[in-house]
Amino acid sequence: MPVCKLCRQDVPKLVKSHIIPKSMYGFRHLNGDKGPTKLVPISNDLRGMRPKRIPSGLYERILCHKCEEITSKFDSYAYDVLYRRTKIPIKNKIYPVGYIIRGVNVYNMLLFFASLLLRMSFSHSAAFGNVNLGIYEDRYRRSLLDGNIDYLGGMDGFISFYDNNLSATFMNPYKSRIFNIMHYSISIFNYAFDIKVSDNQEYPKYLKVLNIGSMEDNLILIKRDLYNNKNFQIIAQKIKGGISV
Ligand SMILES: [Zn+2]
């Protein structure tokens, strides 16, 4: 019998799981009524493999039905918060530098990130080959199975939002050091998630109001400028080099 990667039980069968939430994959907002926009994956490794179009939303049979339901619950929650809720601008004079989304259960958001990272780590696809959670894999599994954030340890991070209609790209996740703390950086459509996978290290004090875990019921989005972003240059170079989509 196959084994579910999340609960590690022998199960009669494994169901299809989307590694990137399906709701975020066929993101309709960018394309009006013309139907979902397909994500175009971009490799962030300039010397790496050529990016290829991911067929019909990358999914794999890695979870049992029950575990798929657990991950779907947090996917739906995150989709609702990130794509449906009102973003209130935080302005510097007249120019927004960030946004606040009120009434958010940030613990559910952290569980969503745990579930996203776990699926990437379980995946056999080269697109997620950079994600290896090590000792955090078991902790995140337990958090999801028990619905208990205590096992997440020091998981935290920053959410950035690009509001200038970034094209439908998904950049494969990569490890990054932010304030010398280990993070995974994940870009999906207009969002970049920098998720801290580390227990003991804390962010500098002055930033402690921006991180996901800083407030219990408000989420801060940092507005980022696509054109001054390193990723933008990488994407441009990739496309110039002949991206195969
Ligand atoms: Zn399971």
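Our subject is the structure listed above.
Everything quoted here is computed from the prediction, not taken from an experiment.

Caption draft 1: Spatial organisation of the overall build of the chain. Across its full length, the chain carries 5 helices and 10 strands. The proportion of buried residues among the 245 residues of the chain is 33%.

Caption draft 2: Region of the structure containing helix α2 (residues 65-84). Look at α2: 27 Å from first C-alpha to last across 20 residues, which is about the 28 Å you get at 1.5 Å a residue. Of all the residues in α2, the buried ones are Cys 67, Glu 68, Thr 71, Phe 74, Asp 75, Ala 78 and Leu 82. Taken around the axis of α2, the buried residues stretch over an arc of 135°, which confines them to a single face. Exposed residues on α2 whose side chains face more than 90 degrees from its buried face are His 65, Glu 69 and Arg 84.

Caption draft 3: How the structure looks around the nonpolar core. Residues Met 109, Leu 110, Phe 113, Ala 114, Leu 117 and Ile 195 are the most contacted members of the largest nonpolar core, which totals 49 residues. Secondary-structure elements contributing two or more residues to this core are β3 (59-63), α2, α3 (106-122), α4 (136-146), β6 (156-161), β8 (181-188), β9 (191-196) and β10 (218-223). If one sorts the elements of this core by residue count, α3 sits on top with 11 residues.

Caption draft 4: Just unusual backbone geometry, in detail. Even without a glycine there, the phi angle at Arg 8 is positive, about 60°. Of note, Arg 8 is situated in the segment before β1 (15-18). Positive phi, normally seen in glycine, also occurs at Phe 179, with a value near 50°. As for its placement among the helices and strands, Phe 179 is situated in the loop between β7 (169-178) and β8.

Caption draft 5: Broad picture of the packing of α3 against α4. The contact between α3 and α4 brings their axes to 10 Å, and the two run at 130°. What the angle tells us is that α3 and α4 run oblique. When the axes of α3 and α4 are compared, the crossing they make is left-handed. In contact with Leu 111, Ala 114, Ser 115, Leu 117, Leu 118 and Ser 121 of α3, α4 contributes Glu 137, Tyr 140, Arg 141, Ser 143 and Leu 144.

Caption draft 6: Seen up close, the environment of Asn 200. Among the secondary structure elements, Asn 200 is positioned in the loop between β9 and β10. The spatial distance from the C-alpha of Asn 200 to the C-alpha of Gly 153 is 8.5 Å, given a sequence separation of 47 residues.

Caption draft 7: Expanded view of α4. Of all the positions in α4, only Tyr 136, Tyr 140, Arg 141, Ser 143 and Leu 144 are classed as buried. Along the axis of α4, the buried residues cluster in a sector spanning 160°; they form a single face. The outward face of α4, more than 90 degrees from its buried face, is lined by the exposed residues Asp 138 and Asp 146. Looking at the packing, one finds that the buried side of α4 touches α2 and α3.

Caption draft 8: Local environment of the environment of Tyr 203. You can see Tyr 203 is positioned in the loop between β9 and β10. You can call Tyr 203 partly exposed: it has 19 C-beta atoms within 10 Å. Note: C-alpha distance between Tyr 203 and Asp 156 (47 residues apart in sequence) is 9.6 Å. Apart from the residues lying within four places of it in its own chain, the contact partners of Tyr 203 are Phe 179, Lys 208 and Asn 211.

Caption draft 9: Highlighting the packing of α2 against α3. Look at α2 against α3: their axes get within 9 Å of each other, and the N-to-C directions meet at 120°. As far as their axial angle goes, α3 and α2 are oblique. Crossing of α2 over α3 shows left-handed handedness. Across from Thr 71, Phe 74, Asp 75, Tyr 77, Ala 78 and Val 81 in α2, the residues of α3 making contact are Asn 108, Met 109, Leu 111, Phe 112, Ser 115 and Arg 119. When its residues are assigned to classes, the contact of α2 with α3 shows 7 nonpolar, 3 polar and 2 charged.

Rules used throughout
- Residues numbered from 1 in each chain as written.
- Predicted model: local features only at pLDDT ≥ 70, side-chain atom pairs only at ≥ 80, totals over all residues.
- Helix = DSSP H or I, 4+ residues; strand = E, 2+ residues; numbered from the N terminus.
- Buried ≥ 20, exposed ≤ 12 C-beta atoms within 10 Å, placed from the backbone.
- Expected span 1.5 Å × (residues − 1).
- Arc of directions from axis to C-beta.
- Core = buried A, V, L, I, M, F, W, Y, C linked by C-beta atoms within 7 Å.
- Axes fitted to C-alpha atoms, helices over the stretch in contact; angles between N-to-C directions.
- Parallel < 35°, antiparallel > 145°, perpendicular 65-115°, else oblique.
- Left-handed = near helix turned anticlockwise from the far one by under 90°.
- Contact = placed C-beta atoms within 7 Å.
- Nonpolar A, V, L, I, M, F, W, Y, C, P; charged D, E, K, R; others polar.

The quantities given are spatial measurements derived from coordinates; they are silent on function.
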